[in-house]
Amino acid sequence: RLNWQIQFVEDKQEFSRFPTKAGRRSLSRSISQSSTDSYSSAASYTDSSDDETSPRDKTQLNSKGTSDFCVKNIKQAEFGRREIEIAEQDMSALISLRKRAQGEKPLAGAKIVGCTHITAQTAVLIETLVALGAQCRWTACNIYSTQNEVAAALSEIGVAVFAWKGESEDDFWWCIDKCVNMEGWQPNMILDDGGDLTHWVYKKYPNVFKKIRGIVEESVTGVHRLYQLSKAGKLCVPAMNVNDSVTKQKFDNLYCCRESILDGLKRTTDVMFGGKQVVVCGYGEVGKGCTAALKAMGSIVYVTEIDPICALQIGFRLGFFSGLLGNKNVVTRDQLDRMKNGSIVCNMGHSNTEIDVASLRTPELTWERVRSQVDHVIWPDGKRVILLAEGRLLNLSCSTVPTFVLSITATTQALALIELYNAPEGRYKQDVYLLPKKMDEYVASLHLPTFDAHLTELSDEQAKYLGLNKNGPFKPNYYRYNHPSKIPLNDTQISDLCTIYLQWIPTATAYMFSLVQSS
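Residues numbered from 1 in each chain as written. Predicted model: local features only at pLDDT ≥ 70, side-chain atom pairs only at ≥ 80, totals over all residues. Heavy atoms only, no water.

**Q** Sorry, what's going on with the overall build of the protein chain here?
**A** Helix and strand counts for the protein chain stand at 18 helices and 15 strands. Sorting the 519 residues of the protein chain into buried and exposed places 56% on the buried side. In the protein chain, 75% of the contacts between residues at least 6 apart in sequence involve partners at least 24 apart. As presented, the protein chain carries roughly 22000 Å² of accessible surface, and 52% of it is formed by carbon and sulfur atoms. (Helix = DSSP H or I, 4+ residues; strand = E, 2+ residues; numbered from the N terminus. Buried < 20%, exposed > 50% of the residue type's maximum accessible area, 1.4 Å probe, protein only. Contact = heavy atoms within 4.5 Å. Areas by Shrake-Rupley, 256 points an atom, 1.4 Å probe, with all protein chains shown as cover.)

Spelled out as structure tokens, the structure:
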């Protein structure tokens, strides 16, 4: 096994162990969500002649004569390659890492099974992992997010991809199983987005799970699931939480959502935002980005929150408190019943449980498909509510996201995989770990040349005064930019908070919707 390590200016510090928080809010399991809809480039290459045929019923071969994949149409590979080449132009940091390390092959022997959104940007990550020596098998974390031509391009070069846009729930789990259950091939690393792959391996293939050398997870939902396993003493492998890295929180959650919320809404509804009254449930990093974008477009924004520190930052018309991301039934059937005709309902959380969509699938309500990812739910009195992506993640289900943002997250994931795979025995125990600030800052520094940015350097006197090394890290590992909710709580505090959540969430959200309805 190679002992290749990423070298920083100083000796690399070990990842800081993030203590398990007893009583973390449990999240309802749900299939992850996301996608690029019919207005994205993915759709323009779709061969409508075979749309009705399930890829599971086809036998396809790539140019090498292999069939270890299942995608919509392998003939779209050339178009997918063009998409990937375009994405590479704005992912210079990941390409730089690929060129720098591919001679040393730090992932030689790694067998990575991945479950993420399959887009051109993710393809750049997968091809980087392959260039660094890994064998990869991949599936989609969301039934709507796959770019079919990109999946075909990856399959053409020999990556075993099992995914297509518009999978059924049964297809979703079948694809995951096909990635994991391959005769003569056993994964030793997991890269997950949402926790579904990790859950499947843990439940269905416990012997395989015990031999995994590391798990890298990028979503709130997946991270919560890992902490639940750790708390129960069932996490038998080390796991890396990249969701709470500062670069991911800021760029993927805040800045990305600030742009993609408008993109998704415009593509699906052509709505004018000026003067619209909008309720944003939750003011974490995603909520901050969405609220800033909507307010800048002239919308009247109402925000609900459970966290008083987040609430204090809002500065907009604030009602009572309600949370969203990773929660369940934040928007309920009662509130949906009281919405005005023509109201638009969408979700920017990772799961599909935030909006109580199941309550809308009843005989008295009629569903009318308007276009891809857009449904009108019609009440008996003729009222229509516009539901986007069936309550799943809006931005990737109905639009695309900035490539530069995904480059940052992908670089973080690649470094985390390299670290876990090459870590000496004993460095990581069977627990969940956070990225250190040193690596966070390294990822950021790799992207600075894109802006022709140059850092100012502390003088020796200044560094001594601040008690810092001139080359970083510049913040302690526990520091979380605008992330007050990450402060550890004891069991009593958590119990009290859970009681508050249960008491206030229904009342708070109902109050906010009543304000909008009355005005």
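There is more to say after this.
**Q** How should helix H6 (residues 169–180) be read in this particular structure?
**A** Since one α-helical turn is 3.6 residues long, residues separated by three or four positions face the same way. Counted at 1.5 Å a residue, the expected span for H6 with its twelve residues is 16 Å, and the 17 Å between its end C-alpha atoms agrees. Looking only at H6, the buried set comprises Asp171, Phe172, Trp173, Cys175, Ile176, Asp177, Cys179 and Val180. Against the buried residues of H6 lie strand E2 (111–116), strand E3 (135–140), strand E4 (160–162) and helix H7 (196–204). (Expected span 1.5 Å × (residues − 1).)

**Q** Looking at this model, I keep getting lost on the sheet that holds strand E13 (residues 374–378). Mind explaining?
**A** Strand pairing in a sheet relies on backbone hydrogen bonds. The paired strands run either parallel or antiparallel. Taken together, the four strands give an open sheet; going across it, the order is E11-E14-E13-E12, and neighbouring strands pair in mixed fashion. Edge positions in the sheet fall to strand E11 (344–345) and strand E12 (366–371), since each of these pairs with one other strand and no more. Contacts from helix H10 (residues 246–269) reach E11, E12, E13 and strand E14 (384–388), with the element oriented near 125 degrees to E14. (Pairing = 2+ DSSP bridges. Axes fitted to C-alpha atoms, helices over the stretch in contact; angles between N-to-C directions.)

**Q** Please clarify how the packing of aromatic side chains should be interpreted in this entry.
**A** Each aromatic ring pair is specified by the distance between its two centres and by the angle formed by the two planes. Tallied over the full model, the rule gives seven aromatic pairs. On the basis of an interplanar angle of 75 degrees and a centroid distance of 5.1 Å, the ring pair of Tyr428 and Tyr433 is categorised as edge-to-face. For Tyr428, a relative accessible area of 11% translates into the label buried. Residue classification places Tyr433 among the buried residues on the basis of a relative accessible area of 4%. Taken together, the aromatic side chains of Phe162, Trp164 and Trp174 make up a single cluster linked through ring pairs. Here Arg137 stacks its cationic end above the ring of Trp185, 5.6 Å away from the centre of that ring. The residue whose ring lies beneath Lys383 is Trp379, and the NZ or CZ to ring-centre distance is 4.2 Å. (Phe/Tyr/Trp six-rings, centres within 6.5 Å; stacked < 30°, edge-to-face > 60°. Lys NZ or Arg CZ within 6 Å of the ring centre and 35° of its normal.)

**Q** What should I look at first to understand the pairing of E12 in this one?
**A** Taken residue by residue, a regular strand's side chains alternate between the two faces of the sheet. One ladder, built from five bridges, connects E12 with E13; its direction is antiparallel. If you follow Glu368 over to E13, its bridge partner there is His376. Turn length for the E12-E13 hairpin, with the two strands adjacent in sequence and antiparallel, is two residues, and the turn residue Gln373 shows positive phi of about 70 degrees.

**Q** It is not clear to me how the nonpolar core should be interpreted in this structure. Could you clarify?
**A** Grouped burial of nonpolar side chains is what soluble globular proteins tend to show. Formed by 58 residues in total, the largest nonpolar core has its most connected members in Leu107, Ile112, Ile118, Leu129, Trp138, Val161 and Met240. Broken down by secondary-structure element, the contributors of at least two residues to this core are helix H2 (77–88), helix H3 (92–101), helix H4 (120–131), E3, helix H5 (148–156), strand E5 (189–192), helix H15 (403–422) and helix H16 (437–447). For this core, the element with the highest residue contribution is H15, accounting for ten residues. Listed in part, the 32 residues of the second largest apolar core include Ile176, Cys179, Leu226 and Val432. (Core = buried A, V, L, I, M, F, W, Y, C linked by side-chain atoms within 4.5 Å.)

**Q** I would appreciate a short explanation of the environment of Thr409 in the present structure.
**A** For Thr409, the position within the fold is in helix H15. Under the relative-accessibility criterion, Thr409 is labelled buried at 4%. Residues Thr409 and Val443, spaced 34 residues apart in sequence, show a C-alpha to C-alpha distance of 8.9 Å. Setting aside anything within four residues of it in sequence, one finds Thr409 in contact with Glu218, Lys248 and Asp252.

**Q** Whenever I open this one, the pattern of salt bridges confuses me. Can you help?
**A** Pairing between side chains of opposite charge can happen when their charged atoms approach one another. Counted under the stated rule, the structure contains 19 salt bridges. As a salt-bridge pair, Glu127 and Arg81 come within 2.7 Å of each other at their nearest N and O atoms. Here Glu127, found in helix H4, pairs with Arg81, found in helix H2; they are 46 residues apart in sequence, far enough to count as distant. The partly exposed category is assigned to Arg81, whose relative accessible area is 21%. A salt bridge links Glu419 to Arg427, with the shortest nitrogen-to-oxygen separation between them at 2.6 Å. (Salt bridge = Lys/Arg side-chain N within 4 Å of Asp/Glu carboxyl O.)

**Q** It is not clear to me how the state of the cysteines should be interpreted in this structure. Could you clarify?
**A** Here, disulfide denotes a covalent bond that connects the sulfur atoms of two cysteines. One pass over the structure, following the stated rule, counts zero disulfides. With no disulfide of its own, Cys70 lies 5.9 Å from the sulfur of Cys175, the closest cysteine sulfur. Its sulfur unpaired, Cys179 is 7.3 Å from the next cysteine sulfur, which belongs to Cys175. On the basis of relative accessible area, Cys179 is assigned to the buried category, the value being 0%. (Disulfide = S-S within 2.5 Å.)

**Q** Please clarify how the pairing of strand E6 (residues 214–217) should be interpreted in this entry.
**A** Across the two faces of E6 the burial is the same, with Gly214 and Val216 and Ile215 and Glu217 all buried. Bridge analysis of E5 against E6 gives four bridges, and the strand direction is parallel. Its bridge partner lying in E6, Met189 is registered against Gly214. Crossover connection from E6 via helix H9 (residues 220–231) to parallel strand E7 (residues 239–241): handedness right-handed. (Right-handed = clockwise from strand over helix to strand, strands pointing away.)

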